[in-house]
Amino acid sequence: GDELHEGPKRLVPLLSGGSQERGARAGTENVPYIVGLGEAARIATEELDDYMNRTERIRSIMLADLQAACSSRGIDMIVHGPSPSDRRLPNTLSVALLGVDAKPMLSAVGADGVAASGGAACHSGTGSVSGSHVLVAMGHGGANDVLRGTMRLSVGRL
């Protein structure tokens, strides 16, 4: 990992020992890993535009497929986030399927190896979407069917 911060900041060492890095760490730096981190950052920067375009295309395909599936089953769907879609994260899709409980759907999707979660990112892993301050701030505070039916799908490199 790496840490980036502005201005003077006194870091508290995780390990005590020698005076390397002005007492900020003990032990010898792992130079190959440091070089590897720099190379990974260079590659990520170089490929960022292509990655964003590819994940945005996949997100758009997921959205179109979900809209078609919901339409054919008579399920109303709300797409969370700003419109136009180019103002959303390119790799993330958050939707609410009205009248559908997202939990069983997420269990089925997870069984197929797809990463998905219910509610907003701030409540991931809590088991509850009803208290999601993000969804409430988006105007869905009293709409339990929206809160219950919200799921977040993300795509990435794998």
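Each value, and the rule that gives it
- Residues numbered from 1 in each chain as written.
- Predicted model: local features only at pLDDT ≥ 70, side-chain atom pairs only at ≥ 80, totals over all residues.
- Heavy atoms only, no water.
- Core = buried A, V, L, I, M, F, W, Y, C linked by side-chain atoms within 4.5 Å.
- Buried < 20%, exposed > 50% of the residue type's maximum accessible area, 1.4 Å probe, protein only.
- Helix = DSSP H or I, 4+ residues; strand = E, 2+ residues; numbered from the N terminus.
- pLDDT = per-residue confidence, 0-100.
- Pairing = 2+ DSSP bridges.
- Axes fitted to C-alpha atoms, helices over the stretch in contact; angles between N-to-C directions.
- Contact = heavy atoms within 4.5 Å.

## Describing the nonpolar core
In this structure, L63, L66, C70, M77, L93, V95, L97, V100, A102, L106, M151 and L153 together form the largest nonpolar core, which totals 12 residues. Every element with two or more residues in this core is listed here: α2 (31-73), β2 (92-97), α3 (102-111) and β4 (150-154).

## Observations regarding the confidence of the model for the protein chain
For the protein chain, mean pLDDT is 80; residues scoring 70 or higher make up 82% of the total. Per-residue pLDDT, averaged within each element of the protein chain, yields its smallest value for helix α1 (residues 20-23) (68) and its largest for α2 (93).

## Things to note about the pairing of β2
For β2, a buried count of 6 out of 6 residues is recorded, marking the element as mostly surrounded by other parts of the structure. Alternating residues of β2 divide into T92, S94 and A96 and L93, V95 and L97, and every residue in both groups is buried. The pairing of strand β1 (residues 77-79) with β2 spans 3 bridges and is classified as antiparallel. Across the sheet, the residue bridging to I78 is A96, located in β2. As paired strands, β2 and β4 are joined by 5 bridges and run antiparallel to one another. Within β4, the position partnered with T92 by the bridge is S154.

## Quick word on the sheet that holds β2
Strand order in the open sheet formed by 4 strands is β1-β2-β4-β3, with antiparallel pairing between adjacent strands. What marks the edges here is a single partner per strand, and that holds for β1 and β3 (116-118). Strand-to-strand, the axes of this sheet are offset by a mean angle of 25°, without reference to chain direction. Running over the sheet, α2 touches β1, β2 and β4 and is turned about 10° from β2.

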